[in-house]
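Structural description and commentary
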2 protein chains.
Amino acid sequence: MTYCVGLQIDRGLVLMSDTRTNSGVDYISSFRKLHHWSVPGNRSIALLSSGNLATTQSVISKLEERNKAPSERHNSLFDAPTMFQVATTVGELLRETIRESTPSDSPEASGTFTASLILAGQISGMEPRLFLIYPEGNFIEASLDTPFFQIGETKYGRPILIRAFDRGMSFEEAIKLLMVSFDSTLKANLSVGMPLDLLVLERDSFEPLHQRRILEDDPYFRTISSGWSEALRKAFEGLPDYEM
Amino acid sequence: MTYCVGLQIDRGLVLMSDTRTNSGVDYISSFRKLHHWSVPGNRSIALLSSGNLATTQSVISKLEERNKAPSERHNSLFDAPTMFQVATTVGELLRETIRESTPSDSPEASGTFTASLILAGQISGMEPRLFLIYPEGNFIEASLDTPFFQIGETKYGRPILIRAFDRGMSFEEAIKLLMVSFDSTLKANLSVGMPLDLLVLERDSFEPLHQRRILEDDPYFRTISSGWSEALRKAFEGLPDYEM
């Protein structure tokens, strides 16, 4: 499994992913699931991926290829006029890649090569946008009602996102929120693993404001992880006991 | 879906379940998923069920039938000499019930009638025991390492159980813990719904110490639900922000 989250806040977009890939518990590796491209002054685009690794790597490679020779191909990330068109292109590429991998004579293999993506970015003169792209190639966009997307092993880390997310929060608070959400997931599920990748895209700045790989021994992550356990226990103790 | 939890603490066993059953979002009903039988002075046995409602109701009905005429049938809940034998009997009944419902000529229907159970209880002269029974009829038992079982929609409510559970806790604290775990699940997933059923079995007392149906407007549940949201937000605010 995987855990990736994309948050849309007033100040911009904040993305985080884990890096664990496993096919069975005895074949565990670390792969990048957060990819980013930017054209300074013009656009900044990022993708988070969850699902079959061959599928997601193939999608990323094809996008990279197209970007290297944008003049030869239409619809590269770099010359699509809107984020909506970027989402359409990436969605089509994802659907095609899954279809090509799935043998047409073995319907039971359908589902094996599936994947989902979170697309985030901004093109100069337009708003920052955040999309969730399904294996079928279609997608939904974040809104005031649903200002974040999760893919992969989403349930353990969801309650705190629902409760603490606020569009007006600072980047520093948003990163803290992601760290707590990832910590809850890491503690509950072995198939999500450190290190974590972090990317912050500030509104109207077409270069990453901040990007980092957070390693297992990262002091801030350690502080959050132990601090959150302690804070939860205290919060729990502070509630009144049931009376029988 | 469903959410049921069985906790084993030093003082005894504490069980909670929701009551929502749905087949599609437009056919929602409320059914009891927590069942209890006791023979004063001799034994106290409870079952929590998750899965296909026809299957779980059939298992419960067959157990009730056997208990009404224990002399005619072997292995009723009331004359099995150990909790291990009760678990074996219930497991066999569950497996048979699932097999009888599944048409042998339609392998695609396999899985439709599946269900899982949590069995909790104590027989006089022996320790209280807690089992998780799989659709295949086999089962595992709670231990010092794994002192609680969840079935159904388990992920949202798991992080707080992992962090706050302690075998030495009082019944009052254990019920508070369950309320928090259920609140997180109810907030995140529509297919788990109020009211909740609660049962407390005290060690070496062969009648329920406490049992109650907790309704939507229960003042204690409301206090926990709003108090926990508030406490989580405060705990989150209390952690240091990330520094970019």
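Attention in this report is confined to the structure presented alongside it. Starting afresh in each chain, residues are numbered from 1 along the sequence in its written order. Note on labels: chains are lettered from A, ligands numbered from 1, in written order. With the structure being a predicted model, the display of local features is reserved for residues of pLDDT at least 70 and the display and counting of side-chain atom pairs for 80 or more, all residues being used for whole-chain, interface and lining totals.

**As for the nonpolar core**
- Take the buried Ala, Val, Leu, Ile, Met, Phe, Trp, Tyr and Cys residues, join any whose C-beta atoms are within 7 Å, and the set you get is a nonpolar core. Three exposure classes are used, based on other C-beta atoms lying within 10 Å of a residue's own C-beta, which is placed from the backbone: buried for 20 or more, exposed for 12 or fewer, and partly exposed in between. V14, L119 and L178 of chain A together with V14, L119 and L178 of chain B are the most contacted members of the largest nonpolar core, which has 134 residues in total.
- Not counting the four nearest positions on each side in its chain, L119 of chain A is found in contact with L47, V86, A87, V90, F131 and I133 of chain A. Any residue pair is listed as a contact if its two C-beta atoms, each placed from the backbone, are within 7 Å.

**Here we look at the relation of the copies chain B and chain A**
- The copies were overlaid by least squares, fitting only the C-alpha atoms of residues that reach a pLDDT of 70 or more in each copy. Superposing chain B onto chain A takes a rotation of 180° combined with a translation of 0.0 Å along the rotation axis, leaving an RMSD of 0.0 Å. Both copies of the chain, as the preceding transformation shows, are related through a two-fold rotation axis. Rotation axis and chain B: the residue whose C-alpha lies nearest the axis is Y156 of chain B, separated from it by 2.5 Å.
- Interface residue correspondence from chain B to chain A reaches 100%, placing this contact among same-surface, isologous pairings.

**Examining the sheet that holds strand β11 (residues 196-202) of chain B**
Residues and elements named next belong to chain B.
- For two strands to pair, DSSP has to find at least two bridges joining them. Helix and strand assignments come from DSSP, with helices taken as H or I runs of at least 4 residues and strands as E runs of at least 2, each series counted from the N terminus. Ordered by their spatial adjacency, five strands build an open sheet running β10-β1-β2-β11-β12, and the pairing between neighbours is antiparallel. The strands lining the two open edges of the sheet, one partner per strand, are β10 (148-152) and β12 (210-214). Adjacent strand axes in the sheet meet at a mean angle of 10° when their direction is disregarded.
- Here six bridges tie strand β2 (residues 12-17) to β11, and the two strands are oriented antiparallel to one another. Pairing of M16 across the sheet is with L198, part of β11.
- For helices, the fitted line uses only the C-alpha atoms of the stretch in contact; every axis is such a line through C-alpha atoms, and the angle between N-to-C directions lies from 0 to 180 degrees. Across the sheet, helix α4 (residues 171-188) touches β1 (3-9), β2 and β11, and the angle it forms with β1 is around 155°.

**Side note on unusual backbone geometry**
Residue and element names in this part refer to chain A.
- At the junction of M194 and P195, the peptide bond is cis and its omega measures out at -5° in the coordinates.
- Summarising the element assignment, P195 is placed in the loop between α4 (171-188) and β11 (196-202).
- If you check the backbone angles, D204 has positive phi at about 65° while not being a glycine.
- Its place among the elements puts D204 in the loop between β11 and β12 (210-214).

**Observations regarding the interface of chain B and chain A**
- Contact residues are listed per partner, giving 36 residues for chain B and 36 residues for chain A.
- The set of elements that each furnish at least two residues to the side of chain B that touches chain A consists of α3 (158-164), α4 and α5 (219-238) of chain B.
- Amino acids outside the nonpolar list (Ala, Val, Leu, Ile, Met, Phe, Trp, Tyr, Cys, Pro) and the charged list (Asp, Glu, Lys, Arg) are all regarded as polar, and Gly is one of them. Class assignment for the residues of the side of chain B that touches chain A results in 20 nonpolar, six polar and 10 charged.

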